Amino acid sequence: MVGAGAMAREHARGLAEVPQATLAAVCDRSRVRAEAFADEFAVPAWHTDVAEMLDAVRPDVVHVVTPAPTHRAIAAMALEAGAHVLVEKPICPDLDQLRALRALADRTGKALLEDHNYLFNAQTRRLVALRDSGALGEVRRVEVVFAVDLLGAGSPFVDRGAPHPALALPGGIASEFVTHMAYLALAFLGPHDAVQAAWDRAPGGQPGAVLSALVQGRHGHAVLGFDAACAPPQFTVRVLGTRMRAELDLLEPYVATAVAAEPGARYPLVAMRNALGQSTQHAAAAVRGLWGRLGGRRGPYHGLTELMRESYAALDAGRDPPLTARWIDDVNRLVADLLATWPSS
Amino acid sequence: MRALVTGASGFLGRHVVAALRARGHAVRAMVRPGTSVEGLGWDEGVEVLRVDLRVEPALAACFDDVDVLVHLAAQVLGSDDAQFVSTAVATERLLEAMASTGTRKVVLAGSFAVYDWVRADGVLDEDTPLESSAVYERGGYAVAKLWQERVAERLARANDWALVVLRPGFIWGEGHTFIPGMGWRLGPVQVVLGLDRVLPLTHVENCADAFVLAAERDVGNAVLNVVDTQLPTAWDFTGEWLRRGGIRRARVTLPFAVMHALARVAEWVSRRLFGPRGKLPTMLMPRRLAMFKPLWFSNTRLRRALGWEPRLGLEAALDRSFAGAARPSTDDGRRGG
């Protein structure tokens, strides 16, 4: 594990549930941070130098969970050392760097993975299954909304003393989250053709606090909405098909669906059926959510555990991991196109 | 004496700076960039240094001609990770920089949060065991303060410095009269846990005096708890807080034993239903609830080592703290203790 911050802790909690994985070492520039992480997760070794750790531990897989601007160099070191690499999103700041990393991964025969955790959440998978079964009909429109208050007291995005590295990057705050929105849109839309986007700052001046984007696919389009100053929080995906509308909430464990009126159907009855169906799904999800919290389930990050479980099982068996190189490249191509609309770039 | 004071514009920091100046010491006051120091009443004997300990590359220069570091900087808001970085990692960076300078003494603001309250028995004092790996159930502040002490001890030992760790109880005073240890608000009711339970308080001016004495006196390495001599019960203090603050809220007490029994039942049910993964609401978590258990608190070691006596008794401290309180002090936010 390279990095010992909040996301590294999520990786460590997930790894504890992956039978093929043993967390062998942690590395952080700060000794006290590395030591505390090792103590919390019973990791046998801690280091403050990546090269030294790679040399001493010879890991099979390296998780890169550091600030985004450092991802490329650390991932390259890990690949060179013969390890598969799982990098937190965004994997690289631009496509050229990603291509270079991809070439390095191909040369060393190792996997280069990016964390697309929400793709592996149970709700997302249910929605994908609805699409695959044809229940949604043809997907015409996908709406992804990530609207969370990221500017409260103590937030790294309002911290003037040690500004979050994303604030200096194209896309500002949104650059940290746009990958999630991109892969969730592409999961239902397929590869994109074109992008239009508008950006705005937060009332406090933080760049990239608002993003509205239209993504054109071959058969439909996606609308992405990001807002860093919204409460109550919302992280939803809504998919509009020709037979059904379905919505999932990534902060709560539900998928709500509404069936489209069929030709000749009586509209009031369809509306009533939808209302009852959705209410029942919401109520059941609320109970399931509370039960899950009391039962110590990992909440919105449970997809990360699944991603790691499936990736480690595949790597251990010599199979291709669930996130293919082509998929990761498609997602990053959309991310790059979105960031290319950034006014300062 | 010239003291470098970190966290100098904080609640305790501004009082420590004032107390150091009152005794004629020169002060280099470290505050975060962008912090306003207007209105703090600092005179020309206070040199203001605007530095962020998490990122400043040239921290060693801050120690020029400094005899003692009074390290108060810590973060109590934000994510667990943000608290850890601003508290433990910042301390590591500061003390690693100090190693290349001539400064050889550190007075560190510790916290009661580092003690293992579950194992505390009868009296909580400097001999009470510290938290171990169970600290991660306690939340970010306790983790950050425990590792801050550990990193200070490691670097003090490696560099042969004198390290005095002062661990205050709940620090209170004007504008900071809500004590998290009082209990909880449930709508129109203030629930006080335990009728006779004593609150480990130290008024900010008394506490600041202890830091000045620790900076001045040669006591070698020491760990000293800071609590005042006259300690109120949570019930009485809550009553004063409501009355003097003009807060209209009913005050009811819940015996600690009842809450403890409730927590035990909840824990048993959780284990039966969910096994070791089960999670309890915060107020029912045994390690969190333990901070409300009835204990006595001693300041004997502090008084013996430093000759400290609280300048303000309880009544005077109450008068001082609520003097400007025509406005209710409902700052029920989180603060360290």
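Residues numbered from 1 in each chain as written. Chains lettered and ligands numbered in written order. Predicted model: local features only at pLDDT ≥ 70, side-chain atom pairs only at ≥ 80, totals over all residues. Heavy atoms only, no water.

Our focus in this paragraph is a nonpolar patch on the surface. On the surface, A:W291, B:V265, B:W268, B:V269 and B:L273 cluster together into a nonpolar patch covering about 530 Å² of accessible area. The dominant element in the nonpolar patch, judged by the number of residues it contributes, is helix α6 (residues 256–274) of chain B, at four residues. Looking at the secondary structure, you find B:V269 in helix α6. (Patch = residues over 30% accessible without salt bridge, like charges linked within 9 Å, V, L, I, M, F, W, Y side chains within 5 Å. Areas by Shrake-Rupley, 256 points an atom, 1.4 Å probe, with all protein chains shown as cover. Salt bridge = Lys/Arg side-chain N within 4 Å of Asp/Glu carboxyl O. Helix = DSSP H or I, 4+ residues; strand = E, 2+ residues; numbered from the N terminus.)

This paragraph deals with the domain arrangement of chain A. Residues and elements named next belong to chain A. According to the domain assignment, chain A contains domain 1 (6–114) and domain 2 (118–299). For domain 1 versus domain 2, the separation of C-alpha centres amounts to 28 Å. Taken together, the contacts link ten residues of domain 1 with seven residues of domain 2. Counting the contacts that link domain 1 with domain 2 gives zero salt bridges. On the surface where domain 1 and domain 2 come into contact, there are one residue pair in polar contact (both at pLDDT 80 or more). Among the elements that line the side of domain 1 that touches domain 2, the one with the most residues is helix α1 (residues 6–15), at three residues. Of the residues belonging to the side of domain 1 that touches domain 2, the class tally is four nonpolar, one polar and five charged. (Domains from an automatic or database assignment. Contact = heavy atoms within 4.5 Å. Polar contact = N/O pair within 3.5 Å; in protein donor to acceptor, adjacent residues only side chain to side chain. Nonpolar A, V, L, I, M, F, W, Y, C, P; charged D, E, K, R; others polar.)

Now for the interface of chain A and chain B. The interface of chain A with chain B comprises 24 residues on the first partner and 27 residues on the second. On inspection of chain A and its partner chain B, the count reaches three salt bridges. For B:R54, the salt bridge is made with A:D159, and the minimal N-O distance between the two is 2.4 Å. If you look at where chain A meets chain B, you find ten residue pairs in polar contact (both at pLDDT 80 or more). The set of elements that each furnish at least two residues to the side of chain A that touches chain B consists of α1, α2 (31–40) and α8 (267–294) of chain A. Per-element accounting of the side of chain A that touches chain B gives the leading share, seven residues, to α2(A). Here the residues of the side of chain A that touches chain B are counted per class, giving eight nonpolar, six polar and ten charged.

This part covers the packing of aromatic side chains. Residue and element names in this part refer to chain A. Throughout the structure, instances matching the rule amount to 16 aromatic pairs over all chains. Where F146 meets F235, the ring centres are 4.8 Å apart and the plane angle is 70°; that geometry is what we call edge-to-face. Of this pair, F146 sits in strand β6 (residues 139–147) while F235 is found in strand β10 (residues 234–241), placing the two residues 89 residues apart along the sequence. The buried category is assigned to F146, whose relative accessible area is 7%. (Phe/Tyr/Trp six-rings, centres within 6.5 Å; stacked < 30°, edge-to-face > 60°. Buried < 20%, exposed > 50% of the residue type's maximum accessible area, 1.4 Å probe, protein only.)

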